[in-house]
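Each chain, letter by letter, is given below.
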Amino acid sequence: MRNTYMVRVLTRALQPVRSLCSAPSAADVELKNVTKANFEPALAELRRHVREADFVAIDLEMTGITSAPWREIFEFDRPDIQYLKVKDSAHKFAVVQFGVCPFRWDQHSTSFVAHPHNFYVFPRQEIAGDGSSYEFLCQTSSLEFLAKYQFDFNTCINEGISYLSRSQEEEALKCLDSIHKDEILDVSSNLRNVSDTQLVRMADILFAERMKNAVGEWRAGLLQGGSWGPESQGSLNDVNQKFQTTFFQTRPALAVNGLTSRQLKLIKLVTEKHFSDLAYVHVAGESSSRLPLIVYTDSAKDRDVLKGEVKACQRKAAEISIKSAIGFRHVIDLLSSERKLIVGHNCFLDLAHVYSKFIGPLPSTAEEFVSAVQTYFPSIVDTKVLLNSDDVLSHIMNKSSTSLSNAFNLLCLPPVAPTGTNNGSADIPRVKVDVQVDDQRFSNWNSGAKHEAGYDAFMTGCVFSEACFRLGIDFNPLAPGSILQHNEKLEKYINYLYLSWANGDIIDLKTGKCGPDTLGSAIGRRRWLAKFTFSNMILLWRLPTKLKAKDIRECFYKAFGSGSITSVHQMDETAAFVQFSRAELVSDFLELKDRLDRDNNNPMSVVHPLSRILETGCVRAATYETYKEVCLSPLSELLFADQAERLGMKGEARLVQSSVDVDGEDSHEGEGEITMPTFRELQQSSASVTTRNFQTDRIMDSLCRSAAQ
């Protein structure tokens, strides 16, 4: 079983470091790389290209895919389980590159013009005063993959574009409103209670008296019309030059420097209690910190006006800070607002990252997720679905891999024929794609930046355009204002995505259903419908590490007969699924296991066929619904057994019949799915399970005698 290692990253703690790998040379990179240094002009340019585009291809590079080996998507995973695993991945890993490539049909040159953009993205804390930090996982195999293709980690960390999701922006603005309201309440409360405030500590009393004298002397100098510059500060020198005379909005003021927060609170108290024409305020200083000022006003009314103006400026500055922190999300907002056709390759995980990073927390179910995605991106095409959906395209792929690079090589590049031969394949017409980077436009573009998000987005768009051409879609009518996604030959492929290529499951974004495919026999195989009966499956964990699938199968064959087990699937080195041929065998096994666990000191238990499986003495067993409960948890221990233990899962010794089938619809009578009682139910019922099952005793005794013979 392949091990997965994780590195946890706190972005607030990251400092500039030596490059983890060498950056791509300038000779190889003609791709438009976008960092925070050139983001604003690049965004303005991208707005124009997206508005003129017929479709936009996207691609993402992440720091990892699976947070634990058992979090990988297996062939026995139901669609609801697959979504939970995608959700976990999108939540825990970071996007470090985002490729955006608008494609526009040029009627004059009868070619597409592509504008690839490669955005470096990094989740950096940008809002001043926000003590939080972003945290994400890194999968070592993913970092090795990025490094292999010369990913520039230094550029990503130091120059990557930060972002706020829509939900984060809304939360920040709500917090700002709350702070503003609290400050208003505090001001009105302080004005009523400040005169009643009594100082207790002697040090506070002495300091307050010194501040009262110093501020009073400065105010008296102003009222007498004399000089109030540094040369006549008088007793201000007694506080070690902590005050400095200045102006604020044409009003004379004292800047307070180098004092503790407690001393500043005392100065604020002294000012408000003893001087009705002085206002204590905080204003923006030269740095990002706020500067405390004591400002002279003409009257109490003028003081209130000043405080109102300062509060309004502070709120405006905070709003600007929040808006400026939106960062890369402006690109996502652009793609959403323009309602363009979005093209990706095997892109369900990409969309989950887009939603999680730039919109908000992922919904709990796949149905809710696709409904929300349609709100922002109503037209999406998965080129992997497209390549497997049509007989013509499937024939061209000739049963070869439909990976992006392979599809690009087969569809978009003329084959290299041996010297002196010509099989005619090089003469097959292909869609012409020109590339424009800044002011340069050229054909036959190859940036040498394979597996950079911008170039992969370009390849995705090329594969899509060539697939459309092979489907008989005529691009010439694509005059400005026409909409490609409304083409009748393309419409039936829109909004169908692979939920998981490993399972061949396709999800309809319009309905949220993951049912049998209607696009063609080559996709939508739904292999588990014919292969897996979830009510017949049992989940085992805390197994001996030396056991393999064939060993587990042999043990069950000896215990229940050669036809009792249809399949065994290992999730990691100590956890596996066993599928019985009949549902009643699940009950028989759980009862038998319970008996063996209770009678583990019985000599006959040692020779039992299941003793090899149960030899650790801590093997747990449960039905399929337990698996879902574990997958629902945000935790990700390396081993499934450790994850289950963290959640308090102890397994079960009985079954509870449920009236809900795998798709969430009412099942027919007698066909209920086997579900796991909650841990609390198990605790409550454990005391009542005291009687032995006579049939289980007979099964065990018979099997033990058979094994002994």
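Just so you know, these numbers come straight off a predicted model, no measurement behind them. (Residues numbered from 1 in each chain as written. Predicted model: local features only at pLDDT ≥ 70, side-chain atom pairs only at ≥ 80, totals over all residues. Heavy atoms only, no water.)

1. With respect to the pattern of salt bridges
It is possible for side chains bearing opposite charge to pair when their charged atoms get close. For clarity, the cut-off: Salt-bridge detection follows one rule: a side-chain nitrogen of Lys or Arg within 4 Å of a carboxyl oxygen of Asp or Glu. For the exposure calls, accessible area comes from a 1.4 Å probe over protein chains only, and a residue counts as buried if that area is under 20% of its type's maximum, exposed if over 50%, partly exposed in between.
Evaluation of the coordinates by the stated rule reveals 35 salt bridges. In this structure, Lys85 engages Asp77 in a salt bridge whose closest nitrogen and oxygen atoms are separated by 2.8 Å. Across the pair, exposure class does not vary: Lys85 and Asp77 are buried alike. Residues joined in a network through salt bridges with shared partners are Arg166, Glu169, Lys323, Arg329 and Asp333.

2. Describing the confidence of the model for the protein chain
Note the cut-off: Per-residue confidence from the predictor is reported as pLDDT, a score between 0 and 100. The contact rule is simple, with two residues in contact once any of their heavy atoms fall within 4.5 Å.
When pLDDT is averaged along the protein chain, the result is 80, and 76% of the positions lie at 70 or above. In the model, residues 12–29 has pLDDT below 50 throughout and makes 23 contacts with residues more than four positions away in sequence or in other chains. Counted against residues more than four places away or in other chains, residues 702–709, with its pLDDT under 50, gives 10 contacts.

3. Topic: the sheet that holds strand E19 (residues 565–572)
What counts, and what does not: Paired strands are those between which DSSP finds at least two bridges. The helix and strand labels rest on DSSP assignments: H or I over at least four residues marks a helix, E over at least two residues marks a strand, and numbering proceeds from the N terminus. The convention used is that axes are lines fitted to C-alpha atoms, helices contributing only their stretch in contact, and that angles between N-to-C directions extend from 0 to 180 degrees.
Pairing is antiparallel across the open sheet formed by four strands, whose spatial order is E19-E20-E18-E21. The strands lining the two open edges of the sheet, one partner per strand, are E19 and strand E21 (620–623). Across the sheet, the mean angle from the axis of one strand to that of its neighbour is 20 degrees, orientation sign disregarded. Here helix H18 (residues 549–560) sits on the sheet in contact with strand E18 (537–541), E19 and strand E20 (575–580), set at roughly 145 degrees to E19.

4. Quick notes on the pairing of strand E12 (residues 341–344)
Regular strands place side chains that alternate from one sheet face to the opposite one. Here E12 shows a buried face lined by Leu341 and Val343 and a second buried face lined by Ile342 and Gly344. Note: strand E3 (residues 55–62) against E12, three bridges, orientation parallel. Each bridged residue has a counterpart across the sheet, and for Phe55 the counterpart in E12 is Leu341. Where E12 and strand E13 (residues 380–382) come together, three bridges link them in parallel fashion. Paired with Ile342 across the two strands is Ile380, which belongs to E13.

5. What to know about the sheet that holds strand E11 (residues 290–296)
In space, the four strands of this open sheet follow the order E8-E9-E11-E10, with antiparallel pairing throughout. On the outer flanks of this sheet lie strand E8 (243–248) and strand E10 (278–284), each paired with one strand and no other. Strand-to-strand, the axes of this sheet are offset by a mean angle of 35 degrees, without reference to chain direction. Where E10 meets E11, seven bridges bridge the pair, whose relative direction is antiparallel. Bridge pairing in E11 links Ala284 to Arg290. The strands touched by helix H6 (residues 202–223) are E8, strand E9 (251–256), E10 and E11; relative to E11, the strand with the most contacts, the crossing angle is about 55 degrees. Sheet strands in contact with helix H8 (residues 300–324) are E8, E9, E10 and E11, and its direction is about 15 degrees off that of E10.

6. Section: unusual backbone geometry
Backbone geometry at Gln249 places phi at a positive 50 degrees, although glycine is not the residue there. Note that Gln249 resides in the loop between E8 and E9. A residue is classified by how much of its surface remains accessible, and Gln249, at 37% relative accessible area, is partly exposed. Of note in the backbone geometry, Arg542 takes a positive phi value of approximately 70 degrees without being a glycine. Within the secondary structure, Arg542 is located in the loop between E18 and H18.

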